[in-house]
Amino acid sequence: MAPSKKSKKNVENMNSRLKLVMKSGKAILGYKASTKALRKGKAKMILIASNCPPLRKSEVEYLAMLAKTQVHHYSGDNTDLGTACGKFFNCSVLSIIDGGDSDILSSKE
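Residues numbered from 1 in each chain as written. Predicted model: local features only at pLDDT ≥ 70, side-chain atom pairs only at ≥ 80, totals over all residues. Heavy atoms only, no water.

Draft legend 1. The arrangement of the overall build of the protein chain in detail. Each helix and strand in the protein chain was counted, giving 4 helices and 4 strands. For the protein chain, the N- to C-terminal ordering of α and β elements is α-β-α-β-α-β-α-β. Scaling as 2.2 N^0.38, a compact globule of 109 residues should have a C-alpha radius of gyration of about 13 Å, and the protein chain matches this with 13 Å. Projected onto its principal axes, the C-alpha positions of the protein chain cover 40 × 30 × 30 Å. Burial status across the protein chain gives 36% buried among its 109 residues. Of the contacts formed within the protein chain by residues at least 6 apart in sequence, a portion of 78% connects residues at least 24 apart. (Helix = DSSP H or I, 4+ residues; strand = E, 2+ residues; numbered from the N terminus. Rg over C-alpha atoms; globule rule 2.2 N^0.38 Å. Buried < 20%, exposed > 50% of the residue type's maximum accessible area, 1.4 Å probe, protein only. Contact = heavy atoms within 4.5 Å.)

Following this line, the structure appears as structure tokens:
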């Protein structure tokens, strides 16, 4: 019971940070736009949904490694990631350009 409670708290913590980023910072949703931001070196952090296809996930991770960008594997699926951003659609990859008031870029979970 304790591990699931802890993981649920981490998910809620990440969701609240994401909401703050969407409100005060700058984020790009989507695989295509995120890879462009990685290639240009603008992305500071990448979030990948749990049900992202393996080939796409490995490509994003490789580009992030080349760009020296943080990668966070979001515990929810693409529907949860889209909902956490306040959107009514799915999102498998999200890149954060500017953290805004959120401490999402400095935290390591």
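What follows picks up the thread again.
Draft legend 2. Local environment of the side chain of S95. Among the structural elements, S95 can be located in strand β4 (residues 93–98). One polar contact links S95 to S34, side chain to side chain, over a distance of 3.5 Å. The contact partners of S95, leaving out residues within four places of it in the chain, are A27, I28, S34, A37, A43, M45 and I46. (Polar contact = N/O pair within 3.5 Å; in protein donor to acceptor, adjacent residues only side chain to side chain.)

Draft legend 3. Focus on the environment of G86. Topologically, G86 is positioned in the loop between α4 (78–84) and β4. We classify G86 as exposed; its relative accessible area is 54%. The sequence separation of G86 and L18 amounts to 68 residues, and the corresponding C-alpha distance is 9.1 Å.

Draft legend 4. Quick look at helix α3 (residues 54–67). Taking 1.5 Å as the rise per residue, α3 with 14 residues should run 20 Å; its terminal C-alpha atoms sit 20 Å apart, in good agreement. Residues of α3 that are buried include every one of V60, L63 and A64, and no others. The arc that holds every buried residue of α3, seen down its axis, measures 100 degrees, which confines them to one face. Turned more than 90 degrees away from the buried face of α3, the exposed residues are P54, L55 and M65. Buried residues along α3 sit against α2 (31–40), β2 (45–48), β3 (70–73) and β4. Of the residues one or two after α3, K68 is the one with positive phi, at around 55 degrees. (Expected span 1.5 Å × (residues − 1). Arc of directions from axis to C-beta.)

Draft legend 5. View of the nonpolar core. Formed by 15 residues in total, the largest nonpolar core has its most connected members in L18, L47, Y74, L81, L94, I96 and I104. Listed by contribution, the elements that provide at least two residues to this core are α1 (2–24), β2, α4 and β4. At 3 residues, α1 tops the list of elements feeding residues into this core. Excluding its chain neighbours within four sequence positions, the residues that come into contact with I104 are M14, R17, L18, V21, M45 and I96. (Core = buried A, V, L, I, M, F, W, Y, C linked by side-chain atoms within 4.5 Å.)

Draft legend 6. Focus on the sheet that holds β3. The 4 strands are arranged β1-β4-β2-β3 in an open sheet whose pairing can be described as mixed. Both edges of this open sheet fall to β1 (26–29) and β3, since each of them pairs with a single strand only. Sheet twist, expressed as the average angle between the axes of neighbouring strands with direction ignored, equals 20 degrees. Bridge analysis of β2 against β3 gives 4 bridges, and the strand direction is parallel. Bridge assignment links I46 to a residue of β3, and that residue is V71. (Pairing = 2+ DSSP bridges. Axes fitted to C-alpha atoms, helices over the stretch in contact; angles between N-to-C directions.)

By themselves, these figures tell us nothing about what the structure is for.
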